[in-house]
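Residue strings, one per chain:
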Amino acid sequence: MIGSPVLRREDRRLLTGSAVYLDDIELPGAYEAAFLRSPHASARILSMDTSAAAALPGVLGVWSGHDLAQLAKPIPPKVTHPELQDVPRYSLPPESVHFVGEPIAVVVAVSRYVAEDALDLIEVDYEVRPAVSSTAAALAPDAPLVHEHLESNVAVHITQRAGHPDQALAEAPHRLSETFTVHRGGGHSMETRGVAARYDVGTGQLTVWDTTQSPHYVRNMLAFLYELSEDEIRVIAPADVGGGFGPKAQFYGEEAVIPFLARLLQHPVKWIEDRRENFLATMMERGQTHRVEIGFDDDGHILAVKDVFEHDQGAYCAGLQVPTITLSTLPGQYKIPNIHSELYACYTNMVPTSSVRGAGRPQAVVAMERMVDRMAEHLGLDPAEARRRNLVQADEFPYRAGLTFRDGSPLTYDSGNFPELLARVLERVGYDEQREQQKELRARGVLRGIGLAGYVEGCGLGPYEGSRFRLKNDGTILVTLAAAPQGQGYETVYAQIASDAMGLDMEHIWVRTGDTSTIPFGQGTFASRNTATAGPATLQAGQLMRERILSVAGVLLKADPSDLTFVGNRVQVKDDPDRSVTLKDVAQVANVGRHGITLPPGVVPGLETTSYFAPERAAYASGTHVAVVDVDPETGAVDIVAYVIGHDCGTVVNPLLVDGQVLGGFAHGIGNALLEQSFYDSSGQPQSTSYLDYSLPSAVEVPPVELVHVHSPSPLNPLGAKGAGEGGTIPAPAAIANAVEDALRPFGARITELPLSPAKIVAALSAARSGAGPSDTTIHGEV
Amino acid sequence: MLPDTPRPESLQPGEVLWLTTTVNGTRYEEVVDSRLTLADFLRGQLRLTGTHLGCEHGVCGACTVLVDGDAVRSCLMLAVQVDGRSVETVESLAEPDGELTPLQEAFSRCHAVQCGFCTSGFLMSATAALREGPVTTPGQAREVLSGNICRCTGYAGMVQALLEVGEGAPGGE
């Protein structure tokens, strides 16, 4: 079944309205919660009066951070660094707030309507402090300190180097530099976050339903915060979660508060984030400013690249995964002997940042791929040829880039074929004809541009993921994964893998996900990691299960297990259809048993197998995009007339679903390239808190796309799989920016800021026409 | 609950109204708070949870239902506004025996569904559009879909699905 475009098992319930998302779970009489959130980006809480709110009919209680002293432990960062200047992130900070939307009190009432009425009755006195709402403001001399006890707003400063970048740059025949800014944008799953919890007094079990991508992470965090054993807490990510894209892989204060109150009140409590809260308080990403310098020779060989970038960490460090991924994504598909990659992660008075589909890679790709285009322009080289001259070749894997990836291992590309990717997308888009056409159109005054961008994506990250098989009493196979899906089709994909692993038809295999009570250990869905981790685990556990079942059937059929095979729901002697036993019979003997009766000799009871797969290091997916655009110089509108995605994620389990991942990721990339920007004013007030002010791409903004696939299986896992969830997004902003700048080349207009709103394009054209020229570009070392 | 039933003390004494409406062919007589939205009425009171709330400000379209045949945002309507009117939700599309509509079938076949949260709204918007007339070109299909937001699929499967059932040319884009 691996490799087949199997239709999804999940679809029927989703199409008929019978799926059960978190807010659909039957919890009769559940109380509903609403959070009071800071209206200021930086303030001290002087006093809070909740008495009027608490007295409102229908209100069960109101709690501030002072009232929940048991929850006073800070939430630790997910990924840290020895030099991180960490600051405590509290579930409900009692003393001070550091971004607009930070929760400071919670109301529990009979309905959300009443809970929100009560929020209006809470009186808070604040001492408002100055705030910073950009990395530039955070790093300015005399900048207000986001956290008063720190010496600066720099959370961490990390440099990675390969070779001798300073010397190589100094000696390079040509050097170019530029500053690129990528603005904040969000994940925007259509289902917001949500948590519901119920405490069972009889068993002492706290059951938590959470829209999380990582139920085991949530369970472990709750056990840590509440000082309970992990066995006392069951976290369930519902089978239907309405999108994740990164922000739901993080842990938030609301997730600590709601189950705590359910336990305190001994009554179910539910909180469903509304979209305004999602804009204010759900983590975002993307905000980075890169100062890049590239050195190259007369033939367009890149000799060195130096990238110093500011990363907007937000008010707290929820984790350093994003900027550390950016650090090592810089060289991409190119052989660059000398690399300098330097990070300043900055605290700002905005909602914390964390992974959003792409996770620090789109920004690194902008830095690198935009400079490759500038190099090509400088030398009068075709941008495709400039790339061709620098690609890591197909026979150079494993390829060590000289940096360290975020998983702690040396940045080592496991497999790939970058020249093939480039050649295939150029062929599909008709690159030479497109260039000819561009010339003709330019002569007629039409601004057409062609842009390329490639990437390498570290994915399939460890530490491990598990898969558990059980032969059920009814003779079907239950595959249990710790990982939780948010639309990826796990119930289908993992049944395909299990089917091949066991040699059993898919119709006898069922997949369950995301419940900590059914599998003890797990990491979750993030970093395009599951097919490459839970996939091999499923393959291994399935192979073991096949052996176990055939061994029992061998005893029952008095046959050698190697002579047995699955036919439908039976185990049969290969050449003798009359000698067979059903899977239900096997379960009856080996799992159900008969009380007190000795098993037939040779039957090993308990047909259950579990495998945890731990990759030795990350796998690397790759891809190359080409965009062809027309730019309207009057309105700044960008029309994408052709777009081709070349994608290599190794072994594809279900091509239908992988294409879906890539196309969906591409739509997100369109948003990042052209539409989506989370604006904050200089006082840290968010200015885009509805979809009227923050444009998500609709069906008319996302153009048709053509896909070409290259398959370079990963040698790091037995499935050969790599990640597919983010490749559609990662290079799209860079490819489109390259195309737009190419379209504007007759004017010399410079594109240095993403997303590319029409206003920015018109402004770039005006600047170029008024002779200001490429103001940000510096050309060095022309001798 | 009858209108003269005493409300629990814990509830806010708001204005309470009688509502008579037909939802998916079933007639309901219900008592609702005047401020209850149509979406919350359908989801909370009738437990028709196939209608989803994505933004609660009328942009994402996940909550789209049909009121007297017109596609509306149920997050922007009050429950009392459907008094005397007829509402169709996603639960009404498939036959009682479980047979899916051609549009639902096409959504699955064309992989137009991932997380599924927006799907109900897209199905209702597209159902209303297809009742008005054929959808035969990719441009038309994209226009029909553009009132709703999907974050997962990139829309290609939905465009294809709509063309396959909208009497459009096979093969789509």
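One can find the structure itself at the top, above this paragraph.
**Topic: the overall build of chain A**
- Looking only at helices and strands, one finds 19 helices and 30 strands in chain A.
- Taking the principal axes of the C-alpha coordinates as reference, chain A spans close to 90 × 75 × 45 Å.
- The proportion of buried residues among the 783 residues of chain A is 64%.
- Contacts in chain A between residues at least 24 apart in sequence constitute 80% of all its contacts with a sequence separation of at least 6.
- Of the roughly 26400 Å² of accessible surface on chain A, 50% is carried by carbon and sulfur atoms.
- Across chain A, the 62 positively charged side chains and the 95 negatively charged ones have centroids separated by 5 Å.

**Regarding helix α13 (residues 431–443) of chain A**
Residue and element names in this part refer to chain A.
- An ideal rise of 1.5 Å per residue puts 18 Å on 13 residues; α13 measures up with 19 Å between its terminal C-alpha atoms.
- Listing the buried residues of α13 in full gives Y431, Q434, R435, Q438 and L441. Looking down the long axis of α13, one finds its buried residues gathered within 125° of arc, a one-sided arrangement. Exposed and facing more than 90 degrees away from the buried side of α13 are D432, E433, K439 and A443.
- Buried positions along α13 lie against α11 (383–388), α12 (418–429), β18 (447–459), β26 (619–631), β27 (638–648) and α18 (732–743).
- Phi turns positive one or two residues past the end of α13, at G445, with a value near 90°.

**What about the layout of surface pockets?**
- Counted as a void, the second largest pocket has a volume near 980 Å³.
- As for the second largest pocket, its lining consists of 47 residues, of which E701, V702, P703 and P704 of chain A together with R142 of chain B are closest to the centre.
- When residues of the lining of the second largest pocket are traced back to their parent elements, those giving at least two are α12, β27, α17 (655–675), β28 (706–709) and α19 (758–769) of chain A together with α5 (156–165) of chain B.
- The residue makeup of the lining of the second largest pocket, split by class, is 27 nonpolar, 11 polar and nine charged.

**Side note on the sheet that holds strand β19 (residues 465–471) of chain A**
All names here are of chain A.
- One open sheet accounts for four strands, arranged β21-β20-β19-β25; its pairing is mixed. Of all the strands in the sheet, the pair left with one neighbour each is β21 (509–513) and β25 (608–613). Across the sheet, the mean angle from the axis of one strand to that of its neighbour is 20°, orientation sign disregarded.
- Here helix α15 (residues 530–557) sits on the sheet in contact with β19, β20 (477–481) and β25, set at roughly 30° to β19.

**Details of the pattern of salt bridges**
All names here are of chain A.
- With the rule as written, the count across this model stands at 56 salt bridges over all chains.
- For R37, the salt bridge goes to E277, with nearest N and O atoms at 2.8 Å. Of the two residues, R37 is situated in strand β1 (residues 31–37) and E277 in helix α8 (residues 275–281); the sequence distance between them amounts to 240 residues. The two residues R37 and E277 agree in class, both being buried.
- Residues E148 and R129 are paired through a salt bridge, measuring 3.5 Å at the closest nitrogen-oxygen approach.

**Some points on the pairing of strand β2 (residues 26–33) of chain B**
All names here are of chain B.
- Strand direction decides the pairing type here: strand β1 (residues 16–23) and β2, joined by eight bridges, are antiparallel. Among the inter-strand pairings, V23 is bridged to a residue of β2, identified as T26.
- Linking β1 back to β2 in an antiparallel pair, the connection comprises two residues, with N24 at a positive phi of about 50°.

**Some thoughts on the pairing of strand β9 (residues 194–200) of chain A**
Residues and elements named next belong to chain A.
- Of all seven residues that make up β9, five are buried, and the element is covered over most of its length.
- Bridging between β9 and strand β12 (residues 269–272) involves four bridges; their strand directions are antiparallel. For A196, the partnering residue across the bridge sits in β12 and is K270.
- Both β9 and strand β10 (residues 205–210) contribute to a ladder of six bridges, which runs antiparallel. Note on β10: the bridge partner recorded for Y199 is L206.
- Hairpin connection, β9 to β10: the antiparallel pair is bridged by four residues, and G204 has positive phi, about 75°.

Analysis parameters
- Residues numbered from 1 in each chain as written.
- Chains lettered and ligands numbered in written order.
- Predicted model: local features only at pLDDT ≥ 70, side-chain atom pairs only at ≥ 80, totals over all residues.
- Heavy atoms only, no water.
- Helix = DSSP H or I, 4+ residues; strand = E, 2+ residues; numbered from the N terminus.
- Buried < 20%, exposed > 50% of the residue type's maximum accessible area, 1.4 Å probe, protein only.
- Contact = heavy atoms within 4.5 Å.
- Areas by Shrake-Rupley, 256 points an atom, 1.4 Å probe, with all protein chains shown as cover.
- Lys, Arg positive; Asp, Glu negative; His and termini not counted.
- Charge placed at Lys NZ, Arg CZ, Asp CG, Glu CD.
- Expected span 1.5 Å × (residues − 1).
- Arc of directions from axis to C-beta.
- 1 Å grid on protein atoms, 1.4 Å probe; cavity = no way out; pocket = protein on both sides within 12 Å on 5 of 7 lines; lining within 4 Å.
- Points joined across faces, edges and corners; volume = space filled by probe spheres on them.
- Nonpolar A, V, L, I, M, F, W, Y, C, P; charged D, E, K, R; others polar.
- Pairing = 2+ DSSP bridges.
- Axes fitted to C-alpha atoms, helices over the stretch in contact; angles between N-to-C directions.
- Salt bridge = Lys/Arg side-chain N within 4 Å of Asp/Glu carboxyl O.

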